[in-house]
Every structure is written in C-alpha cells, then in structure tokens.
Amino acid sequence: MKTFKLTMLLCLLTIVAHSQKKEISGTVTSADDGLPLPSVNIIVKGTSVGTQSDFDGRYKITAKEGDILSFSNVGMVTSEIKIGNAAVYDIALKADNATLDELVIVGYSGQVRAKSNMASILSGQATGVQVTAQKEENTIRIRGNSKTSSEPLYILDGKPISESEFQNLKTKKIKHIEILNPLQGNAIYGYEGNKGVVCLRTIGEKNQVDFSMINDFLNESYSQIQENSFKRTSYEALSTFSIDVDKAAYSNVRRMINNGQKVPANAVKIEEMINYFDYNYPQPNNEHPFSINTEVVRTPWNNDTQLVRIGLQGKTYKNEELPASNLTFLIDVSGSMGAANKLPLLKGAFKLLVNQLREKDKVSIVVYAGAAGVVLEPTSGRNKEKILSALDKLRAGGSTAGGEGIELAYKLAEKHFKKNGNNRVILATDGDFNVGASSDEAMQKLIEEKRKTGVFLSVLGFGYGNYKDSKLETLADKGNGNHAYIDTMQEAQKVFGKEFGGTLFTIAKDVKIQVEFNPKHVQAYRLIGYENRLLADEDFLNDTVDAGELGSGHTVTALYEIIPVGVKSDFLKSIPDLKYTASNTLDKNYSNELFTVKFRYKKPDENESIEMIHVQDTRVSEASEDMNFASAVALFGMQLRSSKYANNSKLPMVVALSKLGKGEDVNGYRAEFIRLVSAYDFLK
C-alpha cells in the first residue's frame, strides 16, 4: 500500500513538474555559416506567446515541458523543437532552398575561359553555381522560383552593362557580387530585371555609382529637401515648425547601407533619424500630455557655434490602459508586393500586432490590387486565429488601385467607429499607387477629407524598388498619423512590439513648436532637419493649420545650431545697414534668456489648442549622453547629405560621438547605429 501511494505521489509530482512553466533560452544561428541570426520569430506553437532573437541571436521565452517551439524567419526553413527537461535550446536554421537564388553559367567555344573566371568568383558568392561548356554561343541563365529565364540584366556599380562587357570583366577588380532571381529582380529593377539580375561592385573610388540614376531606375521617389540655412536673429527671431515623430528615414537609410548602396541626399531626413532613438526625458508630471526639456552645449563639429536640443516626452500608457481599438488593416496585395521583403514580411509584422490585441479590440482587413475588397469583417482580438488565418491567405498580384482601397478602408472604419476609442486605418504598402487617385496632390486631398471623420492613419512602407517615400509621407502627414519603414522583422518588433502604444494611440494632435531667439545672445540660428515641416510664423496661432501628432511614450527631439553674438562665421555674409530698422532694445529682465520656446497642441478629440511655454537661460553645459548621441546622428545625416554645415567633419567623429552617447542601450539600437556608420565608412 505504501509503495502504491509513493508511486502515485511520484506520478503526481511528475505531472505537476511537466505542467510548470520555465524560462527557455538559447541561440539561433545560420546552418550555413554558424553566424547568429537576429529577428527570428520564436512562437510557442498553438499559442500567442512569442519573442524574437536579439542582435546576437539569443532568445528567452517562457514555456513548459511538452510545448513545441517554432523558429521562423524570412528566407529560412521553419524549424520546431519539443521542450524537454533542458532549459537551453540552441538551433541552426537552414536557408530555404525554394527561395534561394540559383545561377547557371553555360560557357561555349573559345570564351569558356573568361566565363569560368567569373564563375570562380560567383561560386563563392551565390548558391547553385554550375559551369558547363557547349558548342554554341555563350549564355547565362538565372533560375529561381521553379522557372528558368535567359539573358539576365547585368549591373556593374549600379549601371546596366551588356553581356559582352560582363564577359570581359577582370575578376580581380570585383569586390562584391549579388544574384537576384527573376522574382527579386522584377521587384527591384522592374521589367528589365524579370529574367534575373547579376549585380557586381568593383574596387576603387573611380567606380562609384551614380545613385541618382539608380534610384530613378529602381523607381523610388523622395521629396526634394532644401537644407535649412542660418537665419539672422535680428531680422527673423522666430522659428516655427510642426513636430515629426516619423522614423521611416532611418530604417530606409539603414536598408540602403546594409545593401551596399550610397544613400541619395533626399532620402535623408535628419529629424526622422534623430527621432528613431529614445532619449532619457522625464515623464510629464502635470496636466499636459508631454514634458519639455532643453539643453545647450558647444557644437562638436564647430568650435564657433553652440548646439541646442529641445525634447518632448509623451506620457506613456500601459497597453491595458489604452482605449478600445477599431483597427482597419489596409494591405497592398498588388504585383509589386510579391518580393520576400514586402508581403511576406508584412504578414509577419502584422502578426506581431495581432498577438497584442485584447478582447475589446477589433480588426478589419481590406486589400487592394486591381480592385479593393474586404477580406475580414470586424473581428475581436479574442479570435486571433481567425485574423491570422486571413493574413496567411493573402497573395500578391495585379495593379494598385490605392485610392479605391483607402476609400473602402475609411468607409469600414467609420461604420464601426468607437466613440472615445482608437479608430485607425493602418496602410501597408510600397506606395506604388497607379490606379485611381495616385498623384501626391490627389492623395493629399483625399486624406484631408477623410481626416474629418476622426479616423487616424498609420502608414507602413515595405520593400525597395517602387518604394514611394514621398507618397507615404504625404498620407501620414495629412491623415493625422505616423509613417514607418519596415525593412526587417526586428524593425517590425520595434514598431508593433516595443512602441505598440505610440504607434496606435495618439495623445496630442496638431503639435507645433515656435522658438524665439534672443538677439542679445544669438546672432543666427539654423534648425537641423524638419525642412518638410516648416510653418509660417502666423500659422502657430492658427488652429485650422494641420501639424504633427504625438503618440503614447513617443519622444520628439529638435536640434538648432546657433552662432553667438560677436562670433565671425563663414556661414553669415555681410549685409548692408538698414535705414528704417531700429536697433534692438532689450528689457534687462530678459538679458539672461537665450530663447523662449512655445508649444501648442490639441487633445485628440478636441479642436482648440492649448499652449505651453518654456524658457532657456544662457548657460552652456557639458553634453549629456543623449546629447552626444543625438549630435552624432545629426552629424551623420549631414555627412550623408554632403552638407556644408558638417564643417568637413569625417565619419570617425560620428563614431566617437555615438560611443560617448551609447549609454545603457538596453535594446541595442545605438550599438547598431555605430556598426552602421562603421560599415558605411568601409563602403566609401
């Protein structure tokens, strides 16, 4: 009897032990080279519990014995493991052979030697290189997605070349090779690339790419940016602009650098690069939804000037504190979205969002290609499997009736409008609208009209080739929303995971900033970035003028470079004396003030602005960690734009500044920036 009881007790303890959850950890690597894989999705199968691997491929997740962990990533074969007694599970993912590029090189007659030389390089750079000799003319075929095409497009340092030019290349001059299969080639280079692409980069500065031509060739578009110049305070003491919480420019620039590209100047929006990162601003402690913070230091790249930082910190709400959401996913499923870094990545990103939804939240899905349609009526966050299933079924194909899709999405959002809730359309696309309302002006009018419904708009950009930054920025700006560019699952985790509330919940709208500089101390000033957000001074008090929105937990940072009174600067040219302008007479009570900054904002459901005022004195302090880092990002942006205001500084200064400002860096974003700058220095 005792033995039976003991046996039963042991069985019971075993069952309890097996049902207890524990922390599982490990490292995800590539089976091909053993390198760590960041941004791998790890899901407890059959649940919504999930996480991602970090920059070093490490992960942690809570699970119990018997659970199955699923590891997936774009371009890799999904793998599963069953949890046993161990607490550490390392896994190596294999590349997905169905999406691998395969290059088949066929050499003929007397030219086999030249082809073989190129093949010897390609065999070390691309998957599936084969060299054969026949008696006819030379041919190269790139095979991908189970179909064979001939006569690929050859790109040398960004410029198309002929097959004969390719054959005559000297292999020792080739620095980098990338093979694109027909699907990838079509997504990036359009029709010319639908037979596959052989991309080659040579050694040496003389072979630098004409990237203005490449971005035209890739059919990407960016709004023209005319860099802000110095303004004389004695004539223009006021500087007025709308806040910008968009961060798309940084992740887009990162994508270009990671792809070995030089970055076109108009793709560089310095304010969006700065605002990609969080800064240690305090939470608001009064009735206003954000705190105001200022700092003045010596400019790291110019000893004759000073650098001013103005920072806003939006109040942070926990997800459970946010109001019920009425979300309408508006998803582009046109033919241009077929590439792996577009629709497949989009699906993975939206799954991260869906897994955070609560029972009181509802999701609808509208898609558009040649026409628009509803694929999911409003569905509670309780029924995640139904929402995820609808996402999984999406396929790309057809033209892009973007205007029709927006009309339908807003109609659905309005029909199920939640009073005092979060009503939002989330548009995900590469921005290639070519059917219906397609011009920036037409889209702007459409969105301005829809804004009156009280439905906000978030815009997510995906992919490259056809990427229309100018359109997406217009949509987000005019739709009371934000704009993000998602290039990896890691970025999706940042937008929909760490910044879930800020992405979806607006705490203040039409936020404007107006800075008045004191001519007694400031000879001239220059706003760094925000060129597309400038407002007329009289717009500051005009509540009908649209401005930027601030989300839960969001930070906004603006930098000014100022030239103190009495300092000679090459950036300021002499001007004649003015006969009718009286000299500045300043009240002595203001003699110790450097500037006054005013803020106006509206509550999300109101139309009348509230004003806040903050005064900064003339003290110049030692730069904080955050100031050093923000300065580094701004300087990098100026260098990317070849700005004269970068004062001939070099990339090592950016790296040194960013290291001084790296700080605790819990999520590793600042470390990634340092690696990015170092990589760009190498590319140059």
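Reading the values: rules and limits
Residues numbered from 1 in each chain as written. Predicted model: local features only at pLDDT ≥ 70, side-chain atom pairs only at ≥ 80, totals over all residues. Heavy atoms only, no water. Helix = DSSP H or I, 4+ residues; strand = E, 2+ residues; numbered from the N terminus. Buried < 20%, exposed > 50% of the residue type's maximum accessible area, 1.4 Å probe, protein only. Contact = heavy atoms within 4.5 Å. Areas by Shrake-Rupley, 256 points an atom, 1.4 Å probe, with all protein chains shown as cover. Axes fitted to C-alpha atoms, helices over the stretch in contact; angles between N-to-C directions. Parallel < 35°, antiparallel > 145°, perpendicular 65-115°, else oblique. Left-handed = near helix turned anticlockwise from the far one by under 90°. Polar contact = N/O pair within 3.5 Å; in protein donor to acceptor, adjacent residues only side chain to side chain. Core = buried A, V, L, I, M, F, W, Y, C linked by side-chain atoms within 4.5 Å. Phe/Tyr/Trp six-rings, centres within 6.5 Å; stacked < 30°, edge-to-face > 60°. Lys NZ or Arg CZ within 6 Å of the ring centre and 35° of its normal. Salt bridge = Lys/Arg side-chain N within 4 Å of Asp/Glu carboxyl O. Expected span 1.5 Å × (residues − 1). Nonpolar A, V, L, I, M, F, W, Y, C, P; charged D, E, K, R; others polar.

**Describing the overall build of the protein chain**
Now for step 1: Of regular secondary structure, the protein chain possesses 17 helices and 31 strands.
Now for step 2: Out of the 684 residues in the protein chain, the part that is buried amounts to 53%.
Now for step 3: Restricting to contacts in the protein chain with at least 6 residues of sequence separation, those with at least 24 account for 76%.
Now for step 4: Accessible area of the protein chain: about 30,900 Å², with a carbon and sulfur share of 48%.

**Quick notes on the packing of helix 8 (residues 343–354) against helix 13 (residues 489–498)**
In helix packing, the relevant descriptors are the interaxial angle and the interaxial distance, both defined with respect to the helix axes.
Now for step 1: Viewed as axis vectors pointing N to C, helix 8 and helix 13 meet at an angle of 30°, and their least axial separation amounts to 9 Å. As summarised for this structure, helix 8 and helix 13 are arranged roughly parallel, according to the angle between their axes. In this structure, the crossing between helix 8 and helix 13 has a hand that is right-handed. Contact with helix 8, carried on its side by Leu345, Gly348, Ala349, Phe350, Leu352 and Leu353, involves Met489, Ala492, Gln493 and Phe496 of helix 13 and no other residues of that element.

**So, the environment of Leu572**
Now for step 1: With respect to the secondary-structure elements, Leu572 resides in the loop between strand 29 (555–564) and strand 30 (593–602).
Now for step 2: Taking the C-alpha atoms as reference points, Leu572 and Gln523, separated by 49 residues in sequence, lie 9.5 Å from one another.
Now for step 3: With residues up to four places along the chain from it excluded, the contact list for Leu572 reads Phe230, Arg232, Gln523, Ala524 and Ile563.

**Topic: the side chain of Glu295**
Now for step 1: If you trace the backbone, Glu295 turns up in strand 18 (residues 290–298).
Now for step 2: A distance of 2.6 Å separates the side chain of Glu295 from the side chain of Arg309, its partner in a polar contact.
Now for step 3: In contact with Glu295, not counting residues within four places along its chain, are Leu307, Val308, Arg309, Gln616, Ser621, Glu622, Ala623, Ser624 and Met627.

**Brief notes about the environment of Leu412**
Now for step 1: Mapped onto the elements of the fold, Leu412 is located in helix 10 (residues 402–415).
Now for step 2: For Leu412, a relative accessible area of 8% corresponds to the buried category.
Now for step 3: The spacing of Leu412 and Ile365 is 47 residues in sequence and 9.3 Å in space, taken between C-alpha atoms.
Now for step 4: For Leu412, the residues in contact, after removing those within four places along its chain, are Thr328, Ser364, Val366, Val374 and Glu377.

**With respect to the nonpolar core**
Now for step 1: Membership of the largest hydrophobic core comes to 68 residues, with the highest contact counts inside it found for Phe329, Ile331, Leu460 and Tyr560.
Now for step 2: If you tally residues by element for this core, the top one is helix 8, at 8 residues.
Now for step 3: Excluding residues that lie within four positions of it along the chain, Phe329 makes contacts with Phe350, Leu353, Val354, Val363, Ser364, Ile365, Val366 and Ile426.
Now for step 4: Counting 46 residues, the second-largest nonpolar core is a separate cluster that includes Ala267, Tyr276, Ala524 and Ile674.

**Observations regarding the packing of aromatic side chains**
Now for step 1: Applying the stated rule across the entire model yields 26 aromatic pairs.
Now for step 2: With centroids separated by 6.2 Å and ring planes inclined at 70°, the aromatic side chains of Tyr525 and Tyr560 adopt a geometry described as edge-to-face. With a gap of 35 residues between them, Tyr525 in strand 27 (residues 522–528) and Tyr560 in strand 29 connect regions that are remote in the sequence.
Now for step 3: Owing to a relative accessible area of 0%, Tyr560 belongs among the buried residues under this scheme.
Now for step 4: A network of ring pairs unites the aromatic residues Tyr250, Tyr276, Phe277, Phe629, Phe636, Tyr669, Phe673 and Tyr680 as a single cluster.
Now for step 5: Directly above the ring of Tyr669 sits Lys494, whose terminal nitrogen or CZ lies 5.3 Å from the centroid.
Now for step 6: When the ring centre of Phe540 is taken as origin, the NZ or CZ atom of Arg600, which lies over that ring, is 6.0 Å away.

**Some remarks on the pattern of salt bridges**
Where charged atoms from two side chains of opposite charge come close, those side chains can pair.
Now for step 1: A full pass over the atoms with the stated rule returns 22 salt bridges.
Now for step 2: A salt bridge links Glu491 to Arg254; its shortest N-O distance comes to 2.9 Å. Here Glu491 is found in helix 13, whereas its partner Arg254 is found in helix 6 (residues 248–258), with 237 residues between them in sequence.
Now for step 3: Assessed through its relative accessible area of 3%, Arg254 is described here as buried.
Now for step 4: Here Lys351 and Asp392 are joined by a salt bridge, their closest N and O atoms 2.7 Å apart. In this pair, Lys351 sits in helix 8 while Asp392 sits in helix 9 (residues 384–392), placing the two residues 41 residues apart along the sequence.
Now for step 5: For Asp392, a relative accessible area of 36% translates into the label partly exposed.
Now for step 6: Where salt bridges share partners, they join Arg254, Asp487, Glu491 and Glu672 into one cluster.

**Some thoughts on helix 15 (residues 625–640)**
Now for step 1: Compared with the 22 Å implied by 1.5 Å per residue over 16 residues, the 23 Å span of helix 15 between its first and last C-alpha is a close match.
Now for step 2: Here helix 15 lies mainly inside the structure; 15 of its 16 residues are buried.
Now for step 3: Phi turns positive one or two residues past the end of helix 15, at Ser642, with a value near 55°.

**Focus on the packing of helix 8 against helix 9**
Now for step 1: Two elements in contact, helix 8 and helix 9, have axes whose closest approach is 10 Å; the angle formed by their N-to-C orientations is 170°. As judged from the angle between their axes, helix 8 and helix 9 are roughly antiparallel. Between helix 8 and helix 9, the residues in contact are Lys347, Phe350, Lys351 and Val354 and Lys384, Ile387, Leu388, Leu391 and Asp392, respectively.
Now for step 2: Residue composition of the contact of helix 8 with helix 9, by class: 5 nonpolar, no polar and 4 charged.

So far we have only geometry, and geometry alone does not tell us how the molecule works.
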